[in-house]
Amino acid sequence: MAGPSVTQFGLGSQLYHEQTNVSSRSKGIHRHDGGLSHFAELVQSISNQDAATRYKEEEADNRLPTDDEAPDSSQFQGVEGKMIIAWEPNDKENPYNWPKWRKTFVLITAMATVINSTMGSALPSMAIPYMMEEWGVTSQTQSVLPISTFLMGYVFGPIIWGPLSEHIGRRILSTGIFMMLMVWTLACALAPNWPAMLVFRYFVGVCASAPIAVVTGILADIYGDARTRGRAMAWFMVMTLFGPLLAPVISGFCSTSIGWRWTFWIGLMFAGLTLILALFLPETYAPVLLTRRAIKIRKADPKSQVYSASELEPLDFTQLVTRVLSRPIRMILTELIVTATCLYLSLVYAIFYMSFQAFPIIFQEVYGLSPGVTGLCYLPIGAGALIGLPIFFTYDNILRDAQARGAPWSKKEEFRRVPLATLGGPLFVISLFWLGWSARSNVSFVVPMLAGIPFGAGFMLIFMALLNYITDAYEIFAASANAAASSCRSVFAVVLPLATTPMFTRLGISGACSLLGGLSLCMCVIPFIFIWKGEAIRERSKFCIALKERKREMERKNEEQQKRRARAAASPGIFDDKETI
């Protein structure tokens, strides 16, 4: 016997209505998921094309035959009848083969530009009260703006400068933007009012962000060996910290003696000396160097059809935006390694810039020190950074010896640099609790000042480890990966210092430092997770997989080509007529 139907109880239309609603919601969810899936596929497609195109250029630059023995016509224009110029074996013009003195000059020049960049960020730190007094600015909230507006430039600048340097080359961008940095620094020295100063500081920040984003790419250009590149990166990182530490000393003593405007004049003088070096900075980006060689050949022989791989790549503005300029943003959104690294570095970086508001509260209000002497309290942070260098080099030697013995752990990518951050993270946390709980009037100011040593060492080890890690993971896109990290941490450095004074007022010095220490403690697990699961994370990263596959393919072709050359050398009558110039 059939049971009662739903319509007999008057529920038919209601049930139909509910089913329809559920179905509609289900379709909406599917549409939403479909939209996200389509977006993810689009981003992945762009990333794959990005990797394929860049390694296609790399293969051509290194005289490696592509899969069809010629560049793909869909990616290169006018290939027919044209020959692709490439590096010769042991080519002296290849930046990897430059003499040591030339690489050292590039490194020193790069470090000098970075000091100017980072010193500019904190240059007005001890001069701000005198600037506010001259222009009648009374709001304490606005006291952080000269530094925050500068760091806003750090947010947007690297997104453009990093990938653009991978498109037009390093030298023109680095030198041109550095000159603009000097122009805007001059404007700060002559600023007529507070709003003008903030606008000028923003443009100084935009220009000053170029070395931060580009120098890592320059180091990747000239150092092919990961170990040598890592050591160069260590010196680079020390300079990024020393710049902001020198700034409070300059502004502290200038403001109380010869006037706050001399803070910027001295910065401009130092930039002028650096410009002398920057003008002699050679181009390091291989595609640009090969393009120059091809142009030189065509000038000597107008009938020759010799081009570099990058010259034959389609010049499309849409491609420039979607593939090149969007690269740092895509990395932040889709690459877990970059995302996690950005979050950790952002917090550490923001805390460092919070110190430019916190130190005057601690050392001037609690201990009554002058602005100049308060500036000297930053020097232990620099001492800590220098201590980080021998730790870095010692671990580097341990790793080298382990690799020579064939130790299994030394072959893992994560053990190359990341363990340094597992030491730096706890040191950074300890320094914050040390500073917060020792800063009392009945304790000598030397005690909290010495907290700067583990602070500087921890800061340096964290940055050296994680920036080297993402540089090695995204080697040919090192500038873009570091641009992503730079922009992200600058956002935090803009926002968090705005809360420094209110936080220290409400929580007190011990409470505020403990809060920051607790947040740092939570974030310092990230390097441990990288060591534990880093390989699995990279294996699930489609971008990393694409880069690794392309690199292995290029290395395979390079090895095959070397074997062909060896056979050709053994049999002079045999040669490969498909080889390009």
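No experiment lies behind these values; they were computed from the predicted model shown.

Student: Break down the packing of helix α7 (residues 226-257) against helix α14 (residues 379-405) for me, citing the residues and quoting the values.
Tutor: The contact between α7 and α14 brings their axes to 9 Å, and the two run at 175 degrees. Considering their axes alone, α7 and α14 lie roughly antiparallel with respect to each other. Facing Arg227, Gly230, Arg231, Ala234, Trp235, Val238, Leu241, Phe242, Leu245 and Val249 of α7, the residues of α14 in contact are Leu379, Ile381, Gly382, Ala385, Leu386, Leu389, Phe392, Phe393, Asp396, Asn397 and Arg400. Taken together, the residues of the contact of α7 with α14 sort by class into 14 nonpolar, 3 polar and 4 charged.

Student: A description of a nonpolar patch on the surface should follow, citing residues and the corresponding values.
Tutor: On the surface, Met179, Phe270, Leu273, Ile276, Leu279 and Phe280 cluster together into a nonpolar patch covering about 600 Å² of accessible area. Residue contributions to the nonpolar patch peak at 3 residues, all from helix α8 (residues 261-278). Topologically, methionine 179 is positioned in helix α5 (residues 171-189). Using a relative accessible area of 36% as the deciding quantity, one classes methionine 179 as partly exposed.

Student: So what's going on with the pattern of salt bridges? Which residues, and what values?
Tutor: Any two side chains of opposite charge can pair, on the condition that their charged atoms come close. Enumeration over the complete set of coordinates arrives at 7 salt bridges. Linking aspartate 91 and arginine 293 is a salt bridge whose minimum nitrogen-to-oxygen distance equals 2.9 Å. Residue aspartate 91 is located in the loop between β1 (83-84) and α2 (100-122), and its partner arginine 293 is located in helix α9 (residues 286-300); the two are separated by 202 residues in the primary sequence. Note on accessibility: aspartate 91 and arginine 293 belong to one class, buried. Salt bridges here are not isolated pairs; linked through shared partners, they connect Asp91, Glu93 and Arg293.

Student: Explain the side chain of threonine 185 to me, and be specific about the residues and the numbers.
Tutor: Checked against the element boundaries, threonine 185 lands in helix α5. Apart from residues no more than four positions distant in its own chain, threonine 185 is found in contact with Val204, Phe264 and Leu268.

Student: Before we move on, can you summarise the packing of α7 against helix α17 (residues 452-473) with the specific residues and values?
Tutor: Contact geometry for α7 and α17: axes closest at 9 Å, N-to-C directions at 135 degrees. Between α7 and α17, the crossing angle belongs to the class labelled oblique. With respect to the hand of their crossing, α7 and α17 are arranged in right-handed fashion. Between α7 and α17, the contacting residues are Ala226, Arg229, Gly230, Met233, Ala234, Met237, Val238 and Leu241 on the first element and Gly456, Phe459, Met460, Phe463, Met464, Leu467, Asn468, Thr471 and Asp472 on the second. Grouping the constituent residues of the contact of α7 with α17 by class yields 11 nonpolar, 4 polar and 2 charged.

What counts and how
- Residues numbered from 1 in each chain as written.
- Predicted model: local features only at pLDDT ≥ 70, side-chain atom pairs only at ≥ 80, totals over all residues.
- Heavy atoms only, no water.
- Axes fitted to C-alpha atoms, helices over the stretch in contact; angles between N-to-C directions.
- Helix = DSSP H or I, 4+ residues; strand = E, 2+ residues; numbered from the N terminus.
- Parallel < 35°, antiparallel > 145°, perpendicular 65-115°, else oblique.
- Contact = heavy atoms within 4.5 Å.
- Nonpolar A, V, L, I, M, F, W, Y, C, P; charged D, E, K, R; others polar.
- Patch = residues over 30% accessible without salt bridge, like charges linked within 9 Å, V, L, I, M, F, W, Y side chains within 5 Å.
- Areas by Shrake-Rupley, 256 points an atom, 1.4 Å probe, with all protein chains shown as cover.
- Salt bridge = Lys/Arg side-chain N within 4 Å of Asp/Glu carboxyl O.
- Buried < 20%, exposed > 50% of the residue type's maximum accessible area, 1.4 Å probe, protein only.
- Left-handed = near helix turned anticlockwise from the far one by under 90°.

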